[in-house]
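# Secondary and tertiary structure notes
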Amino acid sequence: MIWLYTHGPGGYGRVLVPSEHKMKLVHRVAYEYIHGPVPEGLELDHLCRTRDCYNPNHLEAVTHKENVRRGMNARKQKSEVIK
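Structural notes, computed from the coordinates. (Residues numbered from 1 in each chain as written. Predicted model: local features only at pLDDT ≥ 70, side-chain atom pairs only at ≥ 80, totals over all residues. Heavy atoms only, no water.)

### Things to note about the pattern of salt bridges
Where we set the bar: Put simply, a salt bridge is a Lys or Arg side-chain nitrogen that is within 4 Å of an Asp or Glu carboxyl oxygen. Segments assigned H or I by DSSP are reported as helices when at least four residues long, segments assigned E as strands when at least two residues long, and all are numbered from the N terminus. In this scheme, a residue with accessible area under 20% of its type's maximum is buried, one over 50% is exposed, and one in between is partly exposed, where area comes from a 1.4 Å probe on protein chains only.
Enumeration according to the criterion identifies seven salt bridges in this entry. Here Arg70 and Asp45 are joined by a salt bridge, their closest N and O atoms 2.8 Å apart. A residue pair is termed long-range when its members are at least 10 positions apart, and Arg70 in helix α2 (residues 64-82) and Asp45 in strand β3 (residues 43-46) qualify at 25 residues. Take Arg70: its relative accessible area is 21%, and that puts it in the partly exposed class. Salt bridges linked by common partners bring Asp45, Arg49, Glu60, Glu66, Arg69 and Arg70 together as one network.

Right, here's the structure in full:
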């Protein structure tokens, strides 16, 4: 599920949440609709490595350190494939 509408500067989809009168990250809205709030101290990792994906099944709540580690591994693997 790829978000085709408004995106923020980081490439993440954004959606207006009328009840809160503000823009929110669409993947976070989708995750919270299905799974409930993101636990304190965690952030969402796109397992599919696609920033504008909002499929809640492609999202996992992880620590920032784990999210960065996974992102670094994905970039490393991608660069090895390009070589």
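### Focus: the side chain of His27
Relative to the helices and strands, His27 is located in helix α1 (residues 26-35). Given the relative accessible area of 6%, His27 is considered buried.

### Let's talk about unusual backbone geometry
You will see that His21, though not glycine, has its phi angle at about 55°, which is positive. With respect to the element layout, His21 can be found in the loop between β1 (14-17) and β2 (22-25). Owing to a relative accessible area of 71%, His21 belongs among the exposed residues under this scheme. Backbone geometry places Arg49, a non-glycine residue, at a positive phi of 65°. Along the polypeptide, Arg49 turns up in the loop between β3 and β4 (59-62).

### Some remarks on the side chain of Lys24
Applicable threshold: Residue contacts follow a heavy-atom distance rule, with two residues in contact if any of their heavy atoms lie within 4.5 Å.
Positionally, Lys24 belongs in strand β2. Discounting chain neighbours no more than four positions away, the residues touching Lys24 are Gly13, Arg14, Val15, Val17, Val29 and Glu32.

### A word on the packing of aromatic side chains
Quick reminder of the rule: Each Phe, Tyr or Trp ring (for Trp, its six-membered ring) is paired with any other whose centre lies within 6.5 Å, and the angle between the two planes then decides the class: stacked below 30 degrees, edge-to-face above 60, tilted in between.
Following the criterion strictly, the structure yields two aromatic pairs and no others. With a centroid separation of 5.5 Å and 90° between ring planes, the pair formed by Trp3 and Tyr54 is classed as edge-to-face. Highlighted residues: Trp3 in the segment before β1 and Tyr54 in the loop between β3 and β4, separated in sequence by 51 residues. In this structure Trp3 comes out as buried when scored by relative accessible area, which is 14%.

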